[in-house]
Amino acid sequence: MSRTRRDPRNEREAKSVASNTRRRFDLGLVASTSRRPRRDPRAEFASAEVEGRSRRRFDRTQTTAAIARPIAEAPHRRQEEVKPATRIVETPAFLVFAVLEAPKNRLSRFDRQVLGAARMLADAKDGGGAVVALAPAGLEEVGAAGADRILPFADDLALDDASRAAQLRAAMESLEPRHVLFAEDGRSADLARRLAASTGESFLADVVYLTAKQAARRKIGMTAEEFGAPPRLVSIGEDRVAAYAGAPCEARPIEDETHASPAAGSAIVSVETIPGDPASLSLSETDFVVSAGNGVSDFEAFKALAAELSGTPGASRVVCDAGLMPRGAQVGASGTVLAADCYLALGIAGAPQHLQGVAACEHVIAVNTDLHAAMVERAGLAIIQDAQRVMPALRELLEERRNAS
Amino acid sequence: MKTTVLLSAARHPVSGREALARLEAQAIALATRLGGDIRGLHAGPESDALREALGVGLSKIDRIDAPNGSDPMEDLASHLRAAGPDLILAGRRGQGGLDSGLLPYRLAERLGLTLVADAIAIEAGSEAGTVRIDQALKKGDRRRVTVRLPVIVTVHPLAPPPAAFAYGAARRGMISTHPVNDPIRQEGQGSEWEERPYRNRPKLMRTASASSGDAAEKLFVDPDPKEAARLILDYLERNGIRQF
Ligand SMILES: Cc1cc2nc3c(=O)[nH]c(=O)nc-3n(C[C@H](O)[C@H](O)[C@H](O)COP(=O)(O)OP(=O)(O)OC[C@H]3O[C@@H](n4cnc5c(N)ncnc54)[C@H](O)[C@@H]3O)c2cc1C
Ligand SMILES: Nc1ncnc2c1ncn2[C@@H]1O[C@H](COP(=O)(O)O)[C@@H](O)[C@H]1O
């Protein structure tokens, strides 16, 4: 008998984790004898956890997430973690550009996802790449979102698209990034196509799946997809790649000495930007909805509040059925499914049909008298209070702030 | 003014039948409002989509008899160079083909024309030889650019809805067929990408505070209404929704 005898007790003891509550064992810590990397179902499970919920929730739909997202440490080990040091890439082996839109000088969720994708490509295999965020100068939080460098590149609406493309092309020629990532949205999508057409670089549009080895996109309706190694120019679809969640990066500002010559012979005579008016926008297009449910009785005050908050008014079905708000304002499965960033629900219970309509909203604020309403569970900020009393207080405070400034 | 509307061989998103893409029908509606001489242009084999285009407002379509699956760019470019339209309209993305939306950009590059993306309205400019184009930006913002003709414009889904289909007009309309200019050219561009059947790829789940990370203080029971108002406004400002 040459095999050594196992001692299960000692093995278990070796896996115990310091904890002040109850004895805990990290059974994932197995010294593997085979060379095949061992799957750690616990860590995979923990990494699928959606953060910031009162109740634990797991996003098990994502196959990409397990790859894109660094496998999070199990929560009980996270407790004794010190603040991570800033990651510094001194001499990058190659660069990955992330073109950010940063509306209102803030990173949007989509911008973070583009940075997350860039981070993944920069860290792939042997790593050593640096992420260059092309964003307005002075943008904070890009470091935490995963950028090693920041190259000023303003999303100036007055500048015509061709000159922006020329500017980016000059930066690409002087810094020679391995990949340039765009959001498949608005001006970024336009910019990506301009660059693809003018440089003839390979370009994959509206990518739905991205890893360091492979990028895939849909074509021919929803019947086929084309795939290949990530090309130089990639535009990624929204909610396809997880945002970066690791240690903050340094976001060192860099300069690009070459200056693009303005696009020659542009036919554009004048450019004028007209900001959208939330009151007249359709529910599907707006970014902020102020919505009333059965808990609201004073609709004059509600409409005035929506206007003062410069949000688009919405309502639940009960309110529309009662004729208190127009049918066009109905939010939900049989009304409008929103794409807004923020939803302020006043006196709405949060029936499943209604919640379907706000599934895409990142920020939900609920004002409700019922602590156990489903909308309160869904909300990022929940206030258990009478909506009739909160509305005038909100209007008063808005008035105060307007006078103060 | 001479306008050309680029028509692709689109497929219906559900049935997969040949059908006119909605964006191209909207492009036809925009061109009709503007008036002038309007023609459709398609490179590829006969398609039911072209008849449909005749039914929603076009009366003449030029079809370049290019083989199926070839890159339409060169054929379209040489035809457009000869025809010399002032305004070229295209959809912002195809439907049921490659769907990359790259073709108008490549055409603009080849013909040396200015491209204005995502139009929702086009009207004649105050100067002769210019048009004023309203572009749809995100969150309901609009941008009005005045540009000198000729220009290529791609159409955004928020443009006015297309005209209703008229059977008589579809019967009356003319489709004239042109031979390919340069038949020796290698056809059937090999795609640089591999292809496989579609797979369902669910999107990431969106949740509150994934980015704001303030889960600790999210529920307030019975605060003073004043305090509640302050909490709401602070939340809106902190997350960059509105500044007051
Ligand atoms: C097929 C089908 C489709 C549907 N589609 C939709 C849809 O698209 N959209 C939609 O909205 N609904 C839809 N519904 C209806 C849905 O099921 C609910 O009935 C509806 O959403 C409830 O609206 P509510 O929350 O405003 O009203 P209620 O359910 O009456 O809830 C009122 C809430 O307000 C709170 N409240 C009461 N007084 C106050 C106060 N003074 N201050 C603060 N809070 C207060 C209460 O605690 C309660 O939570 C659909 C239903 C069906 C069957
Ligand atoms: N074969 C074609 N002939 C004419 N126009 C085309 C053709 N293919 C595409 N287009 C135009 O280009 C737009 C974008 O197509 P795509 O680049 O395939 O997404 C379409 O909406 C059409 O207006």
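- If you look chain B up in an unreviewed UniProt entry, it shows as Electron transfer flavoprotein subunit beta from Fulvimarina endophytica.

- Per an unreviewed UniProt entry, chain A goes by Electron transfer flavoprotein subunit alpha/FixB family protein and derives from Fulvimarina endophytica.
- Here is the UniProt Sequence similarities (unreviewed entry) comment for chain A, exactly as written: "Belongs to the ETF alpha-subunit/FixB family."

**Describing the environment of Ala245 of chain A**
Reasoning step 1: Checked against the element boundaries, Ala245 of chain A lands in the loop between strand S12 (233-236) and strand S13 (252-253).
Reasoning step 2: Sequence separation between Ala245 of chain A and Gly116 of chain A is 129 residues, and the spatial gap between their C-alpha atoms is 8.1 Å.

**Focus on the pattern of salt bridges**
Reasoning step 1: Applying the stated criterion across every chain yields a total of 45 salt bridges over all chains.
Reasoning step 2: Where Lys138 of chain B meets Glu101 of chain A, a salt bridge forms, and the shortest distance between an N and an O atom there is 2.6 Å. One end of the pair, Lys138 of chain B, is in the loop between strand S6 (130-136) and strand S7 (142-148); the other, Glu101 of chain A, is in the loop between strand S5 (94-99) and helix H5 (109-122), on a second chain.
Reasoning step 3: When its relative accessible area of 29% is taken as the criterion, Lys138 of chain B is described as partly exposed.
Reasoning step 4: For Glu173 of chain A, the salt bridge goes to Arg169 of chain A, with nearest N and O atoms at 3.4 Å. Placement of the pair is Glu173 of chain A and Arg169 of chain A together in helix H6 (residues 161-175), with a separation of four residues, close to one helical turn.
Reasoning step 5: Taking relative accessible area as the criterion, Glu173 of chain A reaches 53% and is therefore assigned exposed.
Reasoning step 6: Here the salt bridges share partners, and the residues they tie into one network are Asp161, Arg187, Asp190 and Arg194 of chain A together with Arg143 of chain B.

**Focus: the site of ligand 1**
All names here are of chain A.
Reasoning step 1: Close to ligand 1 lie 25 residues; Ser316, Ser334, Ala349, His354 and Asp386 are nearest.
Reasoning step 2: Here an oxygen atom of ligand 1 sits 2.8 Å away from a polar atom, N or O, in the main chain of Asn294.
Reasoning step 3: Ala333 places a main-chain nitrogen or oxygen 3.1 Å from an oxygen atom of ligand 1.
Reasoning step 4: In isolation ligand 1 offers 980 Å² of accessible surface; the protein chains occlude 70% of this area.
Reasoning step 5: Elements with a minimum of two residues in the shell around ligand 1: helix H9 (317-321), helix H10 (352-357) and helix H12 (387-404).
Reasoning step 6: When grouped by side-chain class, the residues that make up the shell around ligand 1 number seven nonpolar, 15 polar and three charged.

Parameters at a glance
- Residues numbered from 1 in each chain as written.
- Chains lettered and ligands numbered in written order.
- Predicted model: local features only at pLDDT ≥ 70, side-chain atom pairs only at ≥ 80, totals over all residues.
- Heavy atoms only, no water.
- UniProt positions renumbered as here; feature names shortened; annotations may be inferred.
- Helix = DSSP H or I, 4+ residues; strand = E, 2+ residues; numbered from the N terminus.
- Salt bridge = Lys/Arg side-chain N within 4 Å of Asp/Glu carboxyl O.
- Buried < 20%, exposed > 50% of the residue type's maximum accessible area, 1.4 Å probe, protein only.
- Near = heavy atom within 4 Å.
- Polar contact = N/O pair within 3.5 Å; in protein donor to acceptor, adjacent residues only side chain to side chain.
- Areas by Shrake-Rupley, 256 points an atom, 1.4 Å probe, with all protein chains shown as cover.
- Nonpolar A, V, L, I, M, F, W, Y, C, P; charged D, E, K, R; others polar.

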